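A look at the structure
One letter stands for each residue in the lines below.
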Amino acid sequence: MSAVEFDHIAIAARCMADAPAVLVGALGGAPTGEGGPSGAYTWGQWVFAGGGRLEILEPLGDDGFLHRFLAARGPGIHHVTFRVPHLDEACERAVAHGFRIVGHDDSDPGWAEAFLHPKEALGIVVQLVQSRATPDTPRPPFRAPAGPPDPPPPVTVLGVRLRARSAERADTLWARVLSGHRAAAGGVRLVYRWPGSPMRLAVDVEADADEGPTAVEFASARPSSLPQTPHPLLGTSFRRVTA
């Protein structure tokens, strides 16, 4: 890998089995076969038209970061993940721009990761990962909870929408640290893209607003049955973008 890539959006839920009704039944996604237990949580991923991916995190055990997140905020968007060519270089770049690195772990020979804390990273956890897996170290397939039969055609997951208090704050994280290409999209809405990545970030600049994610955005030729408000079990708004 020679450039930063926006890899997926992760949603925290109390029970992964609550997800297929939305991700499959409403949005037409398909499980990727990736996932499984990982310490304090279980994860699984679904893929959509164009390659966008959504991940569901379900807590394991009696304690851990995901239990604390759900207790404090309820279900909802937990983090965004970026693949980087060199984790140490990405961490150094983040520190140089005033971010703290938490959860740095390079003990797995096939996977190294670190995180930016949401208090600094515009209200959302940012995961930085460097994949060092080889064909000799494949992960076992994961059987995701079953979805409804006869799902509709898949939508295109465009990415995540967030709020930031200023364009400068958004630029520092998404462009300077994570090498996103920014384009103004009208008014105070900014869009960041990564070459080769199927998804993008859309940022609404609101000086007095709480920073953080507001919705997963998708495009589809068919109408959506999902409400504009957060889903009661996934805590996430899924919004169809028509233009």
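Residues numbered from 1 in each chain as written. Predicted model: local features only at pLDDT ≥ 70, side-chain atom pairs only at ≥ 80, totals over all residues. Heavy atoms only, no water.

Further remarks concern the overall build of the protein. When helices and strands are tallied, the protein shows four helices and 14 strands. For the protein, the C-alpha radius of gyration of 17 Å lies close to 18 Å, the compact-globule estimate for 243 residues. Along the longest, intermediate and shortest principal axes, the C-alpha atoms of the protein span 50 × 45 × 35 Å. For the protein, with 243 residues in total, the buried portion stands at 49%. If you take every contact in the protein between residues at least 6 apart in sequence, the share linking residues at least 24 apart comes to 62%. (Helix = DSSP H or I, 4+ residues; strand = E, 2+ residues; numbered from the N terminus. Rg over C-alpha atoms; globule rule 2.2 N^0.38 Å. Buried < 20%, exposed > 50% of the residue type's maximum accessible area, 1.4 Å probe, protein only. Contact = heavy atoms within 4.5 Å.)

A cluster of like negative charges, contributed by D88, E89, E92, D105, D106 and D108, occupies part of the molecular surface. Only α3 (87-96) and β6 (101-108) provide two or more residues apiece to the negative patch. For E89, the location among the structural elements is in helix α3. Look at E89 and you get partly exposed, because its relative accessible area is 46%. (Patch = residues over 30% accessible without salt bridge, like charges linked within 9 Å, V, L, I, M, F, W, Y side chains within 5 Å. Areas by Shrake-Rupley, 256 points an atom, 1.4 Å probe, with all protein chains shown as cover. Salt bridge = Lys/Arg side-chain N within 4 Å of Asp/Glu carboxyl O. Lys, Arg positive; Asp, Glu negative; His and termini not counted. Charge placed at Lys NZ, Arg CZ, Asp CG, Glu CD.)

Time to look at the sheet that holds strand β3 (residues 41-47). Strand order in the open sheet formed by eight strands is β2-β3-β4-β1-β5-β8-β7-β6, with mixed pairing between adjacent strands. The open sheet has two free edges, formed respectively by β2 (30-38) and β6, since each of these has just one partner strand. On average, each strand axis in the sheet is tilted by 20° relative to the strand beside it, whichever way the strands run. In terms of strand pairing, strand β7 (residues 111-116) meets strand β8 (residues 125-131) through six bridges, oriented antiparallel. (Pairing = 2+ DSSP bridges. Axes fitted to C-alpha atoms, helices over the stretch in contact; angles between N-to-C directions.)

Bringing the nonpolar core into the picture now. The biggest cluster of nonpolar side chains holds 57 residues, and the ones touching the most others in it are L23, F82, V126, W174 and F238. If near-sequence neighbours (up to four positions away) are discounted, V126 is found in contact with V80, F82, A114, F115, L116, A121, L173, W174 and L178. With eight residues, the next largest nonpolar core counts A12, W43, L57 and L66 among its residues. (Core = buried A, V, L, I, M, F, W, Y, C linked by side-chain atoms within 4.5 Å.)

The final tally for this structure, using the stated rule, is 13 salt bridges. With its nearest N and O atoms 2.9 Å apart, the salt bridge here joins D7 to R83. Taken together, the residues D7 in strand β1 (residues 5-12) and R83 in strand β5 (residues 76-83) connect sequence positions 76 residues apart. Of the two residues examined, D7 and R83, each falls in the buried class. The salt bridge involving D63 is made with R68; its shortest N-O contact spans 3.6 Å. When sorted by exposure, D63 lands in the same class as R68, which is exposed. A single network of salt bridges, built from pairs that share partners, joins R161, R189, R200, D204 and E217.

Let us look at helix α2 (residues 65-73). Along α2, the residues classified as buried are L66, F69 and L70. Take α2 and look down its axis: the buried residues cluster within an arc of 95°, on one side only. For α2, exposure combined with an orientation more than 90 degrees from the buried face picks out R68, A71 and A72. Buried positions along α2 lie against β1, β3, β4 (53-59) and β5. A positive phi of about 80° marks G74, the residue just after α2. (Arc of directions from axis to C-beta.)

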